[in-house]
Each structure stands twice: as C-alpha cells, then as structure tokens.
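Commentary on secondary and tertiary structure
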Amino acid sequence: MAEGVAGPVAVARLLRQRNFGPYFFGNAASASGAWFQNLAAAVLIYRLTHSALLLGVLQFAQFGPILLLAPWTGSAADRFDRRRLLLTTQAAQTTLTAVLAGLAFGGLATEQVLLGFAFVLGVLTAFALPAQQALIASLVEREDLPSAVALNSMTYNLARAVGPSLAALVIDRFGVATAFAVNSGSYLLLAAAVLVARPREQERAESSRLLESLRLLRAQPRLAAYLVVVAVVGFASDPVNALAPAFARAFGRDESVGGYLLGAFGAGAVLAAVLVAGRVAGSRRRMTATLALLGCGMVLFAITPWFPVALVLLVVAGFGYLASNTSATSRLQLEVTESQRGRIMALWGIAFLGVRPLASLVDGAIASTAGVRTAGVVLALPALFAAALIAATARRGRASAQSAA
C-alpha cells in the first residue's frame, strides 16, 4: 500500500484490487447470512424454551468444534489447497442449512434439531476458518496485509451491523424458516468469490503438526500475547452475541430487537475498520485504549436502563472490539511464515471463537442465576484487566528506559 495512504482512501484502493475486492464482498454477504442463521436459531430456541442457559448451549454447539478440532483443521489448511477446502465447506454448509430451512417451514425444528444442526455447522466452520483466514495473505501484497486483515474483520462486523437488523425484519415479517433459507443462499456468494479469486501459489507445509505452532509460541512469546488479546476480545463481546434476545427482553422489547443490539455493536466495528485501514495499531498505549473502550462500553451497556443509550454504548464497544482484534490479528499474520499461517490461524480461531463456547456457557449460567445484565458486566472484566496490565507493562518499560538513559 502506498506510503501515507490510510483510512477511507486505503479502503477504496484495496477494494479495487481484482483478487481481494470480490472476496471481500462475497465474504461480507456470507457473513451477513450467518447472522440470519444465528439470530433465527437464538430467537426460535428462546421462544421454544425461554431459557437463557440454552442460548449459551446453542453458542457452545456452534463454536465448540473450533476448539476441539483445531489440531486437525489448522494442519489441513497448511497441507491442502485452501481454495478447494473453502469451496468444499461452502457446498456442504449450503446443503445443510437448506435442509434446516425445510424442517423449520414444516414446523419440525425443535430445540434438539437446532442444537444438532448448529454442531454440524460448527464442524464445517472449524475446517473453513483457518483456510479462510490464511487465504487472505495470498490475495494481497505483504504491505497491504494489515489493511486486508482490518477489512476482513470489517466484513464480519459490516455483517453484524446489517445482518441482524435485516434478519430481525425478515423474522418479524416472514418467520425464522425464511431466515434460514437466506443463510443457505449466502454461502453460494462466498463460493463464487473464491472461484473468481486467483491467489498466489500456496507454500505447502511438509509437516503441519499443531505442536510445532505451540513450540513457535514458546520461542516467540509475543505471539502468545497477541492470542491472549484476541481471546479477551472474544470473551468480552460474547454476551451481546449469545444473549441478544434476552437483553432485548431486559429492555422491555421483543426478542427480535436483539438484532438491533447486534447491529449497533457491528456499526462501531465498521467505523473502526474504516479508520484503522492502512495503519498497524501496535503500540501498547493504543491497545490499552481500545481494550478499555471495549470493556467500559460493555459494562455501561449492561447496566444502563435506557435502550437508546445502550445502542450508543454498543457502538463504542464495537469500535474497541474491532481495533483491538485487528491489531493483534495483523501481527500474528505478519510474524509467521506462509507455511505456518494455517496453524497459527487455527490458534487464532481457538482464541477468538474457540473460547466462545466456554464464554457462552459462563454467561448463560450467570444470566440464568443473576440476570443478563450481571453476565454482561462479568464477561467484560477480562478486557479491563488486560488493558490495565498492558498499561502497567508500558509504564515499567518507560521507567526502565529512563533509568538506563
């Protein structure tokens, strides 16, 4: 990327590229469809059971496979053609969600069916995610990678801003079955984008055991620190993801209004992606600030009684979420070799999505016993602790440098 190019100009430049542009839009469409799936499943389970705990179990079923299968999925992304692997998973997910939509139209989508389908979709996502994340580096030049990572994160958060709100409208007007059908079609759009893209030839790993990546973390502790930041970000953002229908009820609104809560969080993330494009936000001071924005935004959202104020606070939290995640993820991609990228992104998947099953069970259990607002506060505390720890480390570093001088 040209020196000095940042912000919206950097975004426009990257989106005009032949490989990355179609991939970005296909990925954004598919990610929006996934939010149709997530909200529809959460709304249907909550309507069937009125259980905040089962909302957490739903998230566990969806993201648990990412944690359990990482030793194999990361290796697959380094040993096999990532493009073909993505096309295979997209075809399988299209078929599976079409079947679920048919069951929902027929009134056969019980909570057990929803949990079962969520688990199988989670298995497919576990294989797609490392390949999808690692493929980005093959679509752009090295100097463009931080911006590409920011924009790739923006696709999920653009989807978070648009998808849940549109899904809420579709669910209200046409029902949850239609939302499942929309998601089924969205997978085809990402498959088309992957077919159009022409990534650089992949450097295959001769040996791709995840143990080697763990040794890499031991040799380069800063990579482990980046993964911790990613995990903390995923943990803090989980309540608004897993408990959106229950939070909507806490504000005296219908369950489908949870889509607007998700949309506000996503809007803040999109704003952050546009502003950080072309920049690598690697300083400790900036990381402290963005983690504090996430943690404080989530805590204040959880305790405010006013719905409009809650939406504003979620925009703030979403900004901190995306800025923190982009910085850590960019560093992970830049500081490993091509043949290690699939495995390090499998570890990223564990840190970002693999912890969500645990977080979802924790916040679902807390919400069941102490209420969703308490769950939102508790899950935000690690982000605030991490911000304080990074700030303290930075102060010690400056003090040592001054003493040495």
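Keep in mind that what you see is a predicted model, and the values were worked out from it rather than measured. (Residues numbered from 1 in each chain as written. Predicted model: local features only at pLDDT ≥ 70, side-chain atom pairs only at ≥ 80, totals over all residues. Heavy atoms only, no water.)

Side note on the overall build of the chain
Scanning the chain from terminus to terminus reveals 16 helices and zero strands. A fraction of 86% describes how many contacts in the chain between residues 6 or more apart in sequence connect residues 24 or more apart. Total accessible area on the chain stands at roughly 15800 Å², and carbon and sulfur atoms take up 66% of it. (Helix = DSSP H or I, 4+ residues; strand = E, 2+ residues; numbered from the N terminus. Contact = heavy atoms within 4.5 Å. Areas by Shrake-Rupley, 256 points an atom, 1.4 Å probe, with all protein chains shown as cover.)

Considering the environment of H50
Of note, H50 is situated in the loop between α2 (20–49) and α3 (52–79). The class of H50 is exposed, set by a relative accessible area of 57%. For the pair formed by H50 and P245, sequence separation is 195 residues and the distance between their alpha carbons is 9.9 Å. (Buried < 20%, exposed > 50% of the residue type's maximum accessible area, 1.4 Å probe, protein only.)

Quick look at the packing of helix α9 (residues 221–242) against helix α15 (residues 356–370)
Angle between the axes and distance between the axes: these two values describe a pair of packed helices. One can describe the packing of α9 onto α15 by two numbers: an axis separation of 9 Å at closest approach and a directional angle of 60°. As the angle between them shows, α9 and α15 are arranged oblique. Between α9 and α15 lies a crossing whose hand is right-handed. Where α9 approaches α15, its residues G234, F235, D238, P239, N241 and A242 are matched on the opposing element by R356, A359, S360 and D363. (Axes fitted to C-alpha atoms, helices over the stretch in contact; angles between N-to-C directions. Parallel < 35°, antiparallel > 145°, perpendicular 65-115°, else oblique. Left-handed = near helix turned anticlockwise from the far one by under 90°.)

Examining empty space enclosed by the protein
One pass over the structure, following the stated rule, counts four cavities of 30 Å³ or more. When its volume is computed, the largest cavity comes out at roughly 780 Å³. Considering the residues around the largest cavity, the lining is formed by 41 residues, among which A34, Q62, F63, T125 and Y156 are closest to the centre. Ranked by residue count, the leading element in the lining of the largest cavity is helix α5 (residues 111–139), at nine residues. Looking at the lining of the largest cavity, its residues break down into 20 nonpolar, 19 polar and two charged. Here the second largest cavity is characterised by a volume of approximately 50 Å³. What lines the second largest cavity is W35, N38, L39, A42, Q59, N241, A244, P245 and L262. If you list the elements that add at least two residues to the lining of the second largest cavity, you get α2 and α10 (244–250). (1 Å grid on protein atoms, 1.4 Å probe; cavity = no way out; pocket = protein on both sides within 12 Å on 5 of 7 lines; lining within 4 Å. Points joined across faces, edges and corners; volume = space filled by probe spheres on them. Nonpolar A, V, L, I, M, F, W, Y, C, P; charged D, E, K, R; others polar.)

Some thoughts on a nonpolar patch on the surface
The grouping of F60, L67, L68, L358 and L361 at the surface amounts to a nonpolar patch, some 420 Å² of accessible area in total. Of all the elements in the fold, those that place two or more residues in the nonpolar patch are α3 and α15. Among the structural elements, L361 can be located in helix α15. Relative accessible area serves as the criterion here: at 31%, L361 is assigned to the partly exposed category. (Patch = residues over 30% accessible without salt bridge, like charges linked within 9 Å, V, L, I, M, F, W, Y side chains within 5 Å. Salt bridge = Lys/Arg side-chain N within 4 Å of Asp/Glu carboxyl O.)

Description of helix α13 (residues 307–334)
If you check α13, its first and last C-alpha atoms are 40 Å apart, about what 28 residues at 1.5 Å a residue would give, namely 40 Å. Counting buried positions over the 28 residues of α13 gives 20, a clear majority of the element. (Expected span 1.5 Å × (residues − 1).)

Comments concerning the side chain of S324
If you trace the backbone, S324 turns up in helix α13. A distance of 3.4 Å separates the side chain of S324 from the backbone nitrogen of L291, its partner in a polar contact. Leave out the neighbours within four places in its chain, and S324 touches V229, V233, M287, T290 and L291. (Polar contact = N/O pair within 3.5 Å; in protein donor to acceptor, adjacent residues only side chain to side chain.)

A closer look at the packing of aromatic side chains
Taken as a whole and assessed by the stated rule, the structure comprises six aromatic pairs. With centroids separated by 4.8 Å and ring planes inclined at 50°, the aromatic side chains of F247 and F301 adopt a geometry described as tilted. One end of the pair, F247, is in helix α10; the other, F301, is in helix α12 (residues 284–303), and 54 residues separate them in sequence. Considering the side-chain rings of F265 and Y321, the 5.2 Å spacing of their centres and the 55° angle between planes classify their relative orientation as tilted. With F265 in helix α11 (residues 258–276) and Y321 in helix α13, this residue pair connects regions lying 56 residues apart in the sequence. (Phe/Tyr/Trp six-rings, centres within 6.5 Å; stacked < 30°, edge-to-face > 60°.)

Description of the side chain of Q37
Along the chain, the position of Q37 falls in helix α2. Sequence-distant contacts of Q37, that is, excluding residues within four places in its chain, are made with T97, L100, L121, F180 and N183.

Description of the nonpolar core
Ranked by size, the top nonpolar core spans 102 residues in total, and within it L243, L291, L294, M298 and F301 carry the most contacts. Not counting chain neighbours up to four residues away, the residues in contact with L291 comprise V229, V232, V233, S324, A383, A386, A387 and I390. Counting residues in hydrophobic clusters, the runner-up holds 19 residues, among them F24, L135, A148 and L190. (Core = buried A, V, L, I, M, F, W, Y, C linked by side-chain atoms within 4.5 Å.)

Details of α5
Compared with an ideal rise of 1.5 Å per residue, which puts 29 residues at 42 Å, α5 spans 40 Å between its outermost C-alpha atoms and is within 8% of the ideal. At A128, α5 shows its largest bend, some 30°, and a proline, P130, comes one to four positions later. (Bend = angle between axes of the 7 residues up to and from the residue.)

With respect to the environment of L115
Locating L115 in the fold gives a position in helix α5. The spatial distance from the C-alpha of L115 to the C-alpha of A61 is 6.2 Å, given a sequence separation of 54 residues. With near-sequence residues (within four places) excluded, L115 lies in contact with I45, V57, L58 and A61.

Here's the deal with the packing of α12 against α13
For the pair α12 and α13, the least separation of the axes is 7 Å and the interaxial angle reads 150°. What the angle tells us is that α12 and α13 run roughly antiparallel. As α12 runs across α13, the sense of the crossing is left-handed. Here M287, T290, L291, L293, L294, G297, M298, L300 and F301 of α12 come into contact with α13, specifically with A310, L313, L314, V316, A317, F319, G320, Y321, A323, S324, S327 and A328. Per-class residue counts for the contact of α12 with α13 are 16 nonpolar, five polar and no charged.

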